[in-house]
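Listed below, chain by chain, are the residues.
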Amino acid sequence: MTRYTPSEIEARWQAVWERDGIFRAVRSADKPKYYVLEMFPYPSGRIHMGHVRNYTMGDVISRYKLAQGFNVLHPMGWDAFGLAAENAAMQKGIHPGVWTYQNIEDMKTQMKPLGFSLDWSREIATCHPEYYRHQQAMFIDMIDAGLIYRKNAVVNWDPVDMTVLANEQVEQGRGWRSGALVERRELTQWFFKISDYSEELLSALDGLENWPAKVRLMQENWIGKSRGLQFAFSTVDAPEGHDRIEVYTTRPDTLLGASFVGISPDHPLAKVLERDDEAVAAFVTECRKGGTTEEAIETGEKLGFDTGIRVRHPFDTAQELPVYIANFILMDYGTGAVFGCPAHDVRDFEFATKYDLPIIATFLPSEDSDENLSEAFVPAKTEKVFYIRGFAGESWQTGNEAIDAAIAFCESNGVGQGVTKYRLRDWGLSRQRYWGCPIPVVHCDECGVVPEKKENLPVKLPEDVSFDIPGNPLDRHMEWRTTPCPACGKQALRETDTMDTFVDSSWYYARFTAPRADTPTVMEDAEYWMNVDQYIGGVEHAILHLLYARFFARAMQITGHLPKSAIEPFDALFTQGMVTHAIYRSTDTGGRPVFHYPEEVETKGDKAFLEDSGAEVEIIPSAKMSKSKNNVVDPLNIISSFGADTARWFVLSDSPPERDVEWTASGAEAAHKHLSRVWNISDRITAMDDAAGTGDDDLLRAMHKTIHDVTMGIESFGFNAAIAKLYGFTATLQKSTAGKTIQREAIKTLAQLMSPMTPHLAEDIWATQGGEGLIATAPWPQADDAMLVDDTVTLPIQVNGKRRAEIEVPAEMNKDEIEKLALAHEAVIRILDGNAPKKVIVVPGRIVNVVV
RNA sequence: GCGGGCGUGAUGGAAUGGUAGACAUACCAGACUUAAAAUCUGUUGGGCCCUGUGCCCGUGUGGGUUCGAGUCCCACCGCCCGCACCA
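A quick note: this is a predicted structure, and the numbers were derived from the prediction, not measured.

Rules behind the numbers
For every chain, the first residue of its written sequence is number 1, and the numbers climb from 1 along that sequence. The naming scheme follows written order: chains are lettered A onward, ligands numbered 1 onward. Per-residue local features of the predicted model are confined to residues with pLDDT of at least 70, and side-chain atom pairs are confined, for both listing and counting, to 80 or more; whole-chain, interface and lining totals are unaffected and use all residues. Side-chain figures throughout are based on the complete set of non-hydrogen atoms in the structure, without hydrogens or water. Strands here mean DSSP runs of E at least two residues long; helices mean DSSP runs of H or I at least four residues long; both are numbered from the N terminus. Three exposure classes are used, based on accessible area relative to the maximum for each residue type with a 1.4 Å probe and protein chains only: buried under 20%, partly exposed in between, and exposed over 50%. Here, Shrake-Rupley sampling with a 1.4 Å probe gives the accessible areas, and only protein chains in the shown set may cover a residue. Residues counted as positive are Lys and Arg, residues counted as negative are Asp and Glu, and His and the chain ends are not counted. The location of each charge is read from NZ of Lys, CZ of Arg, CG of Asp or CD of Glu. Pairs were defined over the aromatic rings of Phe, Tyr and Trp, the Trp ring being its six-membered one, requiring ring centres within 6.5 Å. Orientation was assigned from the angle between planes: stacked under 30 degrees, edge-to-face over 60, tilted for the rest. Think of it as a cone above the ring: NZ of Lys or CZ of Arg counts as a charge over the ring if it is within 6 Å of the ring centre and within 35 degrees of the ring normal. The directions from the helix axis to the C-beta atoms are what the arc is built from. Contacts between residues were defined by any pair of non-hydrogen atoms, one from each residue, lying within 4.5 Å. A cutoff of 4 Å decides nearness: a residue is near a molecule or strand if any of its heavy atoms lies inside that distance of it. Nitrogen and oxygen atoms within 3.5 Å of one another constitute a polar contact, given that in protein one can donate a hydrogen and the other can accept it, and given that sequence-neighbouring residues count only through two side-chain atoms. Residues were grouped as follows: Ala, Val, Leu, Ile, Met, Phe, Trp, Tyr, Cys and Pro as nonpolar; Asp, Glu, Lys and Arg as charged; and all remaining residues, including Gly, as polar. Note that patches include only residues with greater than 30% relative accessible area and no salt bridge, and the join distances are 9 Å for like charges and 5 Å for nonpolar side chains (Val, Leu, Ile, Met, Phe, Trp, Tyr). Basic side-chain nitrogens of Lys or Arg form a salt bridge, by our definition, when they fall within 4 Å of a carboxyl oxygen of Asp or Glu. Should DSSP find at least two bridges between two strands, the strands are taken to pair. An axis is simply a line fitted to the C-alpha atoms; with a helix, the fit covers only the stretch in contact. Between two such axes, the angle follows the N-to-C directions and lies from 0 to 180 degrees. In what follows, roughly perpendicular refers to angles from 65 to 115 degrees, roughly parallel to angles under 35, roughly antiparallel to angles over 145, and oblique to any angle outside these ranges. Definitions for this section: a left-handed crossing has its near helix turned counterclockwise from the far helix by less than a right angle. A right-handed crossing has that turn clockwise.

K.L.:
Tell me what's going on with the overall build of chain A, and back it up with residues and numbers.
P.N.:
Along chain A, the regular secondary structure elements total 28 helices and 38 strands. Along the longest, intermediate and shortest principal axes, the C-alpha atoms of chain A span 105 × 85 × 70 Å. By residue count, 53% of the 852 residues in chain A fall in the buried class. Total accessible area on chain A stands at roughly 38200 Å², and carbon and sulfur atoms take up 49% of it. The averaged location of the 123 negative side-chain charges in chain A is 2 Å from the averaged location of its 86 positive side-chain charges.

Structure follows, in structure tokens:
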């Protein structure tokens with residue numbers, strides 16, 4: 001009897017895999033390729049259970065595909081630029097580069113014991129000049145291709161991180177990392193022309209069948225396509241140059257319900273008025289402030305200022321509408337001006353009520369409805385309504401029909417035109433930070449903004465910087481900044497902004513296909529390895545990273561860095577859930593909450609007690625692992641006490657992969673127990689003598705069913721269900737009295753089926769039982785269809801849909817005979833009580849239903 | 001507000017429209033043990049008559065489609081997520 005000692009076998013097999021280089025990906029024309037990628041980590045220095053879960057899922061796929069004979073690419077790298085490194089530099093006085101590279105080393109040593117099937121020879125770090133020099137080269141190519149431009153823009157300024165944020169990085173008026181209230185600043189910034197690809201990025205979503213519908217929908221909403229009418233009101237008493245106000249509306253069918261025109265505080269007309277009128281200036285200033293105060297965001301009070309200017313209604317020039325400056329109108333959507341139709345818009349209704357403007361219904365739910373509305377009437381656009389002030393189409397029609405008719409009518413009468421708009425803005429990429437990829441341009445007094453020459457790349461970050469003063473140290477580094485102009489050779493200054501770190505992660509998947517190449521990519525490699533067949537990561541990247549990466553693949557195709565076939569870089573996407581843990585809380589004498597680490601707590605049933613004092617603590621169920629709540633479980637502790645295979649098995653076993661899984665000590669122990677049990681079975685089989693046993697056929701049938709079920713489970717990301725089947729088969733094998741040869745075949749197959757999840761244990765059993773070569777490269781077992789069908793099947797008999805009896809029949813028995821048998825069953829006869837059945841439904845192999 | 005998802009035992013969760021609760025946890029009982037741990041075995045949705053190889057109810061609530069619904073359709077309730085003054 002030997003003992004399962006994961007620490008010993010795991011290290012041993014990892015060494016063998018590394019020695020044989022079996023996970024090294026080499027291009028090969030005669031093998032189908034499979035590219036599996038997990039979202040690469042930020043090198044914080046510590047791996048956590050979320051990493052373990054994410055990379056274990058990828059590893060299951062990778063090992064499974066390898067066993068199926070695919071040429072698998074499964075690389076790993078580091079999303080290594082970012083603010084945390086600078087914060088560490090400020091707090092601890094360590095250079096961001098030193099901190100980052102040390103963290104990478106630390107995390108690698110923590111990841112290696114998990115035994116992932118990674119090709120470490122392709123490792124990349126985005127902060128390495130060998131990575132970012134290619135990013136700089138592509139940046140220059142993209143400027144040439146017109147995909148990047150510079151403009152003066154009002155930007156989101158994070159006053160804590162002292163940098164600009166993209167619109168996507170502002171959440172409810174706050175910086176996504178710092179949580180600080182974002183201010184508005186006007187700066188000259190670099191932008192990717194992602195908005196030019198709005199339609200393309202939207203319509204291509206349809207082709208991403210193997211993406212979660214949820215993610216596609218989130219992107220669709222984010223791109224925010226709308227169809228509407230753009231037209232101009234002519235003004236009365238307006239300042240010069242403003243004899244027209246362009247507006248955009250998605251509800252042109254409500255044009256006859258217009259009662260005011262609203263313009264943004266940032267509208268050009270508002271800016272003109274602001275200059276000459278103190279009251280306007282005061283109001284506009286208030287609005288700008290108001291946009292970012294917490295109170296304004298919460299209450300959302302609609303404020304307006306009557307400019308005194310009037311506009312003429314396009315259909316009836318005698319009708320004049322007032323022009324308000326309103327705080328809720330955004331300059332960067334549509335034209336920065338709207339017409340208000342209070343009857344059919346909740347916000348306009350609120351505004352009209354406040355400023356005593358008319359509320360004019362254009363349509364009603366029925367012909368006899370009251371025209372005087374007490375609240376805005378906003379039915380779904382697919383609902384038929386009755387138009388009392390329609391001007392195009394039928395009286396009874398849906399909103400959509402009316403909108404189409406209204407646009408057609410307006411176009412043919414010279415009132416504006418139908419326009420499609422998108423919510424998606426261009427992606428501002430400039431960041432006023434040190435630890436990022438330098439933007440490779442030079443500012444020359446003579447030549448203006450000039451891209452650096454490609455032969456001068458990389459523009460490397462200077463090493464000698466200090467972080468004792470807030471702001472970007474590059475600004476202060478005159479020696480680094482001063483450089484000859486690439487165009488005229490005169491002394492000029494480098495750009496000190498660096499790129500948003502989302503740029504780094506927008507193309508790393510492509511770099512992995514040729515990680516050491518002198519060019520950003522190599523066409524043959526990209527053509528062979530792209531696309532990523534399976535991408536796995538957190539749903540938190542559903543919009544930002546995945547949208548940027550999709551855009552970047554297109555931009556790289558245009559600039560000749562990716563083949564056309566790779567413009568949608570991720571064929572299949574899987575978004576996995578988090579690892580959660582209960583929180584253990586007590587209160588101190590001052591009534592403040594105290595959070596206890598799981599290892600300080602002993603659980604008994606549904607109660608938990610502190611190990612040292614025995615005091616009971618409150619259990620708060622399942623929350624995301626968080627340092628502030630002390631509900632973290634360190635993977636390293638789990639590996640040292642149970643082994644990597646246990647950690648891997650457990651994170652897959654308890655919940656479907658797309659959902660959160662709660663880490664529990666008992667669950668981890670159960671996983672470990674199970675692996676020991678498998679080990680012991682293998683041990684027992686080894687010690688068996690060769691005498692014939694009983695039930696060989698039953699064991700083989702169970703084995704083939706398990707092969708079938710587990711294979712299906714892995715294919716469909718049903719890892720938890722696959723594991724349940726493996727538990728079942730283990731129990732069967734444990735009790736089996738079959739002969740040694742058959743049991744040996746069964747344990748070897750079990751090891752193979754487990755090998756994607758618990759590769760070390762599987763490898764060891766394989767070797768012990770005389771498996772050929774490594775289990776990692778052994779061909780995946782095939783289920784024999786003939787073995788999946790039993791000779792006899794148990795059919796439940798229902799009467800009126802309720803189960804009443806069971807019969808055991810030969811599998812190939814025909815319907816008529818089954819029906820006869822079922823009707824002859826005593827329970828059925830008793831229930832029928834002499835009555836003839838109305839109908840008997842026989843589903844062969846499934847069920848019999850007798851209808852009375 | 002708009003969009004989407006999900007509601008199944010004490011718990012995590014199984015279930016191509018076909019025996020609801022697989023598998024695991026927890027609990028309880030038993031074997032082994034001086035004892036404990038470990039290991040192994042067994043029970044566990046609720047109720048009724050406990051006589052069964054018995055009957056009734058049961059997948060958030062109410063309705064519908066179907067021979068048959070956790071699964072499909074409609075309405076409602078609850079929870080979760082995304083977006084949000086988007087014209």
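K.L.:
Now, about the packing of aromatic side chains: what can you tell me, with residues and values included?
P.N.:
As enumerated under the stated definition, the model contains 43 aromatic pairs in all. On the basis of an interplanar angle of 65° and a centroid distance of 5.7 Å, the ring pair of Tyr197 and Phe551 is categorised as edge-to-face. Of this pair, Tyr197 sits in the loop between strand S9 (183-192) and helix H6 (198-203) while Phe551 is found in helix H18 (residues 544-558), placing the two residues 354 residues apart along the sequence. For Tyr197, a relative accessible area of 18% translates into the label buried. Phe551 sits in the buried class, given a relative accessible area of 0%. Geometrically, the ring pair formed by Tyr324 and Tyr355 is tilted, given 5.6 Å between the ring centres and 50° between the ring planes. Placement of the pair is Tyr324 in strand S14 (residues 316-326) and Tyr355 in helix H11 (residues 346-355), with a sequence separation of 31 residues. What links up through ring pairs into an aromatic cluster is the set Phe192, Tyr197, Trp427, Phe502, Tyr548, Phe551 and Phe552. Its end group placed over the ring of Tyr248, Lys421 keeps NZ or CZ at 5.1 Å from the ring centre.

K.L.:
Any details on helix H7 (residues 213-223)? Residues and values, ideally.
P.N.:
Within the sequence span of H7, burial applies to Val215, Gln219 and Ile223. Relative to the axis of H7, the buried residues are bounded by an arc of 75° and lie together on one face. In H7, the exposed residues that point more than 90 degrees away from the buried face are Ala213, Lys214 and Asn221. Summarising the contacts, the buried residues of H7 are in contact with H6, H18 and strand S28 (573-576).

K.L.:
Requested: an account of the protein's contact with RNA strand B, with residues and values cited.
P.N.:
Around RNA strand B, the structure places 42 residues, and the nearest of them are Thr249, Thr250, Lys302, Leu330 and Asn849. For RNA strand B, the fraction of protein-proximal atoms (within 4 Å) that sit in sugar or phosphate groups is 64%. Within the backbone of Asp654, a nitrogen or oxygen atom sits 3.0 Å from a sugar or linking oxygen of RNA strand B. One of the side-chain N or O atoms of Arg804 is found 3.4 Å from a phosphate oxygen in RNA strand B. If you list the elements that add at least two residues to the surface near RNA strand B, you get H7, strand S11 (244-249), helix H21 (665-687), helix H23 (719-735), strand S35 (792-799), strand S36 (802-810), strand S37 (839-843) and strand S38 (847-851). A per-class count over the surface near RNA strand B returns 18 nonpolar, ten polar and 14 charged.

K.L.:
Describe a negative patch on the surface, with residues and values.
P.N.:
Negative charge collects at one region of the surface, where Glu599, Glu600, Glu602, Glu611 and Asp612 lie side by side. Here Asp612 shows up in the loop between strand S32 (607-610) and strand S33 (616-624). Judged by its relative accessible area of 72%, Asp612 falls in the exposed class.

K.L.:
Go over the pattern of salt bridges, please, and point to the residues and values.
P.N.:
For the coordinates displayed, the defined rule picks out 29 salt bridges. The closest approach of N and O atoms between Arg63 and Asp59, which form a salt bridge, is 2.9 Å. Of this pair, Arg63 and Asp59 both sit in helix H2 (residues 49-67), four residues apart, roughly one helical turn. Note on accessibility: Arg63 and Asp59 belong to one class, buried. Between Glu568 and Arg550 there is a salt bridge, and its shortest N-O distance comes to 2.8 Å. Linking Glu568 in the loop between H18 and S28 with Arg550 in helix H18, this pair joins segments that are 18 residues apart in sequence.

K.L.:
Tell me about the side chain of Thr575, and please be specific about residues and values.
P.N.:
With respect to the element layout, Thr575 can be found in strand S28. Thr575 has contacts with Pro212, Val215, Gly537, Gly538, Val539 and Glu658, leaving out every residue within four places of it along the chain.

K.L.:
Before we move on, can you summarise the sheet that holds strand S1 (residues 33-38) with the specific residues and values?
P.N.:
Across the sheet, which stays open at both edges, the four strands sit in the order S2-S1-S27-S28 with parallel pairing between neighbours. Whereas interior strands pair on both sides, the edge strands pair on one side only; in this sheet they are strand S2 (71-73) and S28. Taken over all neighbouring pairs, the strand axes of this sheet differ in orientation by 20° on average, direction set aside. Strand contacts of H2: S1, S2, strand S27 (534-538) and S28, with the helix running at about 175° to S1, the strand carrying the most contacts.

K.L.:
Tell me what's going on with unusual backbone geometry, and back it up with residues and numbers.
P.N.:
The omega angle of the peptide bond from Leu457 to Pro458 is 0°, so this bond is cis rather than trans. Along the chain, the position of Pro458 falls in the loop between strand S23 (448-451) and helix H13 (473-476). A cis amide bond, omega 0°, links Met530 with the succeeding residue Asn531. Positive phi values are uncommon outside glycine, yet Phe717 reaches one of about 60°. With respect to the helices, strands and loops of the structure, Phe717 is situated in the loop between helix H22 (696-715) and H23. With relative accessibility at 9%, the residue Phe717 sits in the buried group.

K.L.:
So, the packing of H21 against helix H24 (residues 740-754): which residues are in play, and what are the values?
P.N.:
Look at H21 against H24: their axes get within 10 Å of each other, and the N-to-C directions meet at 150°. As judged from the angle between their axes, H21 and H24 are roughly antiparallel. The two elements H21 and H24 cross, and the hand of that crossing is left-handed. Contacts from His674, Leu675, Val678, Ile681, Ser682, Arg684, Ile685 and Thr686 of H21 reach H24 at Lys740, Gln743, Arg744, Ile747, Leu750 and Met754.

K.L.:
Outline the side chain of His477, listing residues and values.
P.N.:
Mapped onto the elements of the fold, His477 is located in the loop between H13 and helix H14 (478-481). A residue is classified by how much of its surface remains accessible, and His477, at 11% relative accessible area, is buried. Side chain to side chain, His477 and Asp464 meet in a polar contact 3.0 Å long. Every residue in contact with His477, bar those within four places of it in the chain, is listed here: Pro462, Asp464 and Val465.

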